[in-house]
Number of protein chains: 2
Amino acid sequence: MEIGSVSHEKAGCFTNGLMWFKSLPRRLFAKLVEIAKQTKKIGKDDPRRVIHSLKVGLALTLVSLFYYFQPLYNSFGVSAMWAIMTVVVVFEFSVGATLGKGLNRGMATLLAGALGVGAHYLASATGKVAEPILLGLFVFLQAFTSTFVRFFPQVKARYDYGMLIFILTFCLVSISGFRVDEIVDMAHQRLSTILIGASVCVIVSIFVCPVWAGEDLHKLVAQNIEKLGKFLEGFGEEISKSSEGEESKDAKTSLAEYKSVLNSKNAEEILANFARWEPGHGQFKYRHPWKQYLKIGSLTRQCACKVDALNGYINSEIKAPKEIKGMIKETTTKMSIESGKALKELARSVKTMTSPLSANKHVSNAKTAAKNLKSLLISGFSEDINLLEVIPVAAVASILTDIVICVEEIAESVNELASLAHFSSKETKVDSTKESNIEATQSRKIHACSQHVVITIQESAQVQSSVQLTDQNMKL
Amino acid sequence: MEIGSVSHEKAGCFTNGLMWFKSLPRRLFAKLVEIAKQTKKIGKDDPRRVIHSLKVGLALTLVSLFYYFQPLYNSFGVSAMWAIMTVVVVFEFSVGATLGKGLNRGMATLLAGALGVGAHYLASATGKVAEPILLGLFVFLQAFTSTFVRFFPQVKARYDYGMLIFILTFCLVSISGFRVDEIVDMAHQRLSTILIGASVCVIVSIFVCPVWAGEDLHKLVAQNIEKLGKFLEGFGEEISKSSEGEESKDAKTSLAEYKSVLNSKNAEEILANFARWEPGHGQFKYRHPWKQYLKIGSLTRQCACKVDALNGYINSEIKAPKEIKGMIKETTTKMSIESGKALKELARSVKTMTSPLSANKHVSNAKTAAKNLKSLLISGFSEDINLLEVIPVAAVASILTDIVICVEEIAESVNELASLAHFSSKETKVDSTKESNIEATQSRKIHACSQHVVITIQESAQVQSSVQLTDQNMKL
């Protein structure tokens, strides 16, 4: 019996193994199809990614010409390697990031090269025995100091990469001097190849379908405001419908778009950091007030936190007494819709860089509604009130009052941006067909996005701004 | 008159210039003092930073020995440069980050080196004319594909650096082959020096005062829960005091500590990513459930968003009618304090890795209080109610009810963590003197931190975990 069961087991194992092998091609094929689908999706979400990959290939091929052509190779030799290295490491997605890394690398190499040559001469003057000891000491001290300096927040934000290259170059130059005699020649060759590599990066990055971090930031901030605006408008409509019993589940899910605003802090800070490296382009001057975008972004997130609280009440059925509900409904609906309209106007104003005058009207409408609500509530109720049933209505009223204040603050900071960045004062007429087109594109995008969680920060920024950029890429 | 005023102006300019020059030393000195202060502060906030800088210096000095000793130099030659480069680029603050980068670099170099050699032989077989064209094509295709693959979220999260090194090594090896004949020798030398550099990094990183990303994540999550607990306890005390007229301004400002929880997403994700590279250490096994920490962190942030809403009412005077206020006060106070205690217990359970049984008692207390509140509210009021005055009370009650649900969810996920990570089931007795010591240290830290805004994420993670690690560093 025992032996029989063992042989049965063996036979089972064998069949399983056979099955596994048989199904292997099918599973491999399924995996391949999945990867192909994801590839298509990533390329479609932001076509600039495909273009970026082509640009990297172009820059690397350009730089590798140094190896193929005899006259170029004669003048640089093996140092041409540094040009390739620079291109691989410096070429980033946006112009600002590339420029920042390129400038950091160039300046750090120059400085550290000079210091390294100095350290070499100082050490070699002390004689053959003391030289390696002194060089080791220099390397240790320099590495210690530079690594510690990288912890300074100001340095970390803008010059982290420069500090890394500083440590690297200083070590390489000062130590190489111990073995190579033509240390100045070497430093010179290396510096010039790095400059060539960095220049190729910057030129390709700026002149072939440039991706501006500043533009991405500009659009991200405007879109975030718009998302909140859409939610508030939608919420207002939900309230006004709710008593009539008709509730659209679709509307509720599409309103959840605002959630991405809550975690936008990092993306905004990274983009603002890159934007500061960028030269003037399009509508943006060299010293565009990028910091003001961070301020607007921070206010938007505060507002989003309140909107999130409001969202808690959209899913719970509000069963307040009819008297109260009816009384408050009109004013709360107005507050919500007017706030939403104000935010959408503000978003449009930022997007088109025109004066946000029309938004102010909606803001004051919302404020009037808030005042009306207050006086309504003060008037009091004669009925016997079940406080538990009042709570949701009271909470919604309270949160909406806070939101109106928030919207006013956002409007103020957008006004500030308008005066800082000299937005044009004439109002652009809204082309209604165009606007509905944009909305259709966006809702399609939302549908595509809602199926997966966007993981990386930079990516989310790209996805969010991809809609506008599709058109731009078509032209190029 | 005109001439007179011009000469006056000139004299003014001159005096100004003189003043500027005279004040220069003073201002330089002031700047130096400021930098010295900041240096001291950065070192004091997290002494591990100083140790990290020393470790980088040590690793670089060790690797530079390859240049100084003739026998070592004979076997590697100029390739020793790659060891230095590897150390500079791979050495990171935590063990996980260093290991991740080191493994990425090693594997990518191996793979790309092999492919590069293959590409070289394939191209050279086609003859002298076609060789550079074919090589250029290979470089372009490889750079394009690899750059695009870097956009895949799964790749970006864990293998981004590896992809970068893959592009670099493939280009260098395949193109160098066009000029250097001993391409296999070169690839071999380069690979072995990179492996040596990476090993030095990993050894120094693990065996000299290691900084574990996993431990940082563990502490960060526990601290975030604790911060919310502290707020809720403090808030409960504020409510119970409020009717007695005594309000402590100090308490209000110290409660704002929870704000940092709102933006902790990024720090947690980065730390969890690094932690997955780390081997088992201390209480953490190799496959510790790091993902569960992210789940707890996400619930904690949801709770923090609600706490933020609650915080809006701590500053606004609540003028509800006495009857309602008195009735609700006791239960809301209990809800707030019990939730706070539950969170603090959960934080302690995570910190000490013991079973969170005692927290469950507080959670059920809070739930009972919430039920009581509900039945109190249902009983209704006979008085004429001014709804405007009821709103703050109603809102606080509503938010607190939500928070109790949130706390229950957090407790559930901590229980899940406890069973996944096999927390010890015996309860540790809380040593009261020790606990008060920790609190004193923390309040000192809060005081120090409140004066500046922490900018970078990684930094904030370090600051948050610095308290616990001070002791550890003292020992080493």
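Preceding this section is the structure that the text describes.
What you are looking at is a predicted structure, and each value in this text was computed from that prediction instead of being measured. (Residues numbered from 1 in each chain as written. Chains lettered and ligands numbered in written order. Predicted model: local features only at pLDDT ≥ 70, side-chain atom pairs only at ≥ 80, totals over all residues. Heavy atoms only, no water.)

Visitor: Please explain the interface of chain B and chain A as it appears in this structure.
Guide: Often, the extent of an interface is quoted as the loss of accessible area on bringing the components together. Between chain B and chain A, the contact holds 83 residues from the first and 83 residues from the second. Counting the surface lost from both chain B and chain A, the interface buries some 7600 Å², and carbon and sulfur atoms represent 73% of this. Applying the counting criterion to the chain B and chain A interface returns zero salt bridges. At the junction of chain B with chain A, the criterion picks out five residue pairs in polar contact (both at pLDDT 80 or more). (Contact = heavy atoms within 4.5 Å. Buried area = accessible area lost by both parts, 1.4 Å probe. Salt bridge = Lys/Arg side-chain N within 4 Å of Asp/Glu carboxyl O. Polar contact = N/O pair within 3.5 Å; in protein donor to acceptor, adjacent residues only side chain to side chain.)

Visitor: Would you take a moment to explain the state of the cysteines for this structure?
Guide: Such a bond, covalent and formed between the sulfur atoms of two cysteines, is termed a disulfide. The full count for this structure, using the stated rule, is one disulfide over all chains. The disulfide partner of Cys305(A) is Cys305(B), and the S-S distance across this bridge is 2.5 Å. Taken as a pair, Cys305(A) in helix H13 (residues 290–315) and Cys305(B) in helix H13 (residues 290–315) lie in two separate chains rather than in one. There is no split in this pair, since Cys305(A) and Cys305(B) are both buried. Free of any disulfide, Cys209(A) has its nearest neighbouring cysteine sulfur in Cys201(A), separated by 16 Å. Taking the relative accessible area as the measure of exposure, Cys209(A) reaches 18% and is therefore buried. Cys406(B) provides the cysteine sulfur closest to Cys303(B), a residue in no disulfide bond, and the two sulfurs are 4.5 Å apart. (Disulfide = S-S within 2.5 Å. Helix = DSSP H or I, 4+ residues; strand = E, 2+ residues; numbered from the N terminus. Buried < 20%, exposed > 50% of the residue type's maximum accessible area, 1.4 Å probe, protein only.)

Visitor: Looking at this structure, how should I read the relation of the copies chain B and chain A?
Guide: Superposition of the two copies of the chain requires a rotation about an axis and a shift along the axis. It takes a turn of 180° to lay chain B on chain A, together with a shift of 0.0 Å along the axis; the resulting RMSD is 0.1 Å. Expressed as a symmetry operation, the mapping of one chain copy onto the other fits a two-fold axis. No C-alpha of chain B lies nearer the rotation axis than that of Ala395(B), which sits 2.5 Å from it. In this assembly, 100% of the residues forming the interface of chain B have copies in chain A that are likewise at the interface, indicating an isologous arrangement. (Least-squares fit on C-alpha atoms with pLDDT ≥ 70 in both.)

Visitor: Quick question: what am I supposed to make of the nonpolar core here?
Guide: Counting 126 residues, the largest nonpolar core has Ile225(A), Leu310(A), Ile225(B) and Leu310(B) as its most contacted members. Filtering out sequence-adjacent residues up to four positions away, Leu310(A) remains in contact with Phe231(A), Leu232(A), Phe235(A), Val396(A), Ile399(A), Leu400(A) and Ile403(A). Met81(A), Met81(B), Phe166(B) and Val200(B) belong to the second largest nonpolar core, which has 84 residues in total. (Core = buried A, V, L, I, M, F, W, Y, C linked by side-chain atoms within 4.5 Å.)

Visitor: Hey, could you run me through the pattern of salt bridges in this one?
Guide: When the charged atoms of two side chains lie near each other, side chains of opposite charge can form a pair. Applying the stated rule across the entire model yields 32 salt bridges over all chains. For the salt bridge of Glu269(A) with Lys265(A), the shortest nitrogen-to-oxygen distance reads 3.4 Å. Here Glu269(A) pairs with Lys265(A), and both are found in helix H12 (residues 265–275), just four residues apart, close to one helical turn. Since its relative accessible area comes to 30%, Glu269(A) is described here as partly exposed. A salt bridge links Asp46(B) to Arg48(B); its shortest N-O distance comes to 3.0 Å. As far as the burial class goes, Asp46(B) and Arg48(B) line up, both buried.

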